[in-house]
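# Inside the fold
So the chains spell out like this:
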Amino acid sequence: MARRPAVHPSRGGGCGAAARQVDALGAFRIWVEADDVERLRRGLERDGDDAREHWLRWMADEAAHYERESTRVRADVRLDGFGELTP
């Protein structure tokens, strides 16, 4: 059985979230991380298999954004995809 999130954290964005250019507008940054297999599984469960290509493009664009913006290391709080704190 797949592990399910203990909580459903609210998010204020997605790809594009926590860009340095908007740092002054946010109180803090929360990074929620799940591996690509789990993220794709959840996305397709919600959106259907017809969305697979969109999800794969989205994930690639998102990874490039987060790398460029150093989003994970700039986060004030980090959670895994199940709501547990991570270092």
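Heads up: the structure comes first, above all this text.
Scope of this entry: the structure provided in the associated data block.

Let us now look at the overall build of the protein. In terms of regular secondary structure, the protein is built from 3 helices and 2 strands. From first element to last, N terminus to C terminus, the protein shows the α and β order β-α-α-α-β. Pairs at least 24 apart in sequence give 68% of the contacts found in the protein among residues at least 6 apart. Carbon and sulfur atoms provide 54% of the accessible area of the protein, an area that totals close to 6400 Å².

With that settled, the discussion passes to the pattern of salt bridges. The full count for this structure, using the stated rule, is 11 salt bridges. Here Arg-39 and Glu-62 are joined by a salt bridge, their closest N and O atoms 2.0 Å apart. Placement of Arg-39 in helix α1 (residues 36-47) and of Glu-62 in helix α2 (residues 52-69) is noted, with a sequence separation of 23 residues between them. When its relative accessible area of 19% is taken as the criterion, Arg-39 is described as buried. Its salt-bridge partner being Arg-52, residue Asp-49 comes within 2.9 Å of it at the nearest N-O pair.

This next bit is on unusual backbone geometry. Residues other than glycine seldom take positive phi values, yet Ser-70 does so here, at roughly 50°. For Ser-70, the location among the structural elements is in the loop between α2 and α3 (71-74).

What follows concerns the nonpolar core. Counting 5 residues, the largest nonpolar core consists of Leu-40, Leu-44, Ala-51, Trp-55 and Met-59. Residues in contact with Leu-44, not counting those within four places in the same chain, are Asp-49, Ala-51, Arg-52 and Trp-55.

With that settled, consider the packing of aromatic side chains. For any pair of aromatic rings, geometry is given as the distance between the ring centres together with the angle between the planes. Enumeration according to the criterion identifies 1 aromatic pair in this entry. Ring geometry for Trp-31 against Tyr-66: centres 4.9 Å apart, planes inclined by 75°, an arrangement best described as edge-to-face. Separated by 35 residues along the polypeptide, Trp-31 in strand β1 (residues 30-33) and Tyr-66 in helix α2 bring together distant segments of the chain. Accessibility classification places Trp-31 together with Tyr-66 in one group, the buried group. The ring of Phe-82 carries the charged tip of Arg-42 above its face, separated from the ring centre by 5.1 Å.

So, on to a nonpolar patch on the surface. Together, Phe-28, Ile-30 and Val-32 give the surface a local cluster of nonpolar side chains, amounting to about 280 Å² of exposed area. Mapped onto the fold, Ile-30 is located in strand β1. By relative accessible area, which is 45% here, Ile-30 ends up partly exposed.

Criteria and thresholds
Residues numbered from 1 in each chain as written. Predicted model: local features only at pLDDT ≥ 70, side-chain atom pairs only at ≥ 80, totals over all residues. Heavy atoms only, no water. Helix = DSSP H or I, 4+ residues; strand = E, 2+ residues; numbered from the N terminus. Contact = heavy atoms within 4.5 Å. Areas by Shrake-Rupley, 256 points an atom, 1.4 Å probe, with all protein chains shown as cover. Salt bridge = Lys/Arg side-chain N within 4 Å of Asp/Glu carboxyl O. Buried < 20%, exposed > 50% of the residue type's maximum accessible area, 1.4 Å probe, protein only. Core = buried A, V, L, I, M, F, W, Y, C linked by side-chain atoms within 4.5 Å. Phe/Tyr/Trp six-rings, centres within 6.5 Å; stacked < 30°, edge-to-face > 60°. Lys NZ or Arg CZ within 6 Å of the ring centre and 35° of its normal. Patch = residues over 30% accessible without salt bridge, like charges linked within 9 Å, V, L, I, M, F, W, Y side chains within 5 Å.

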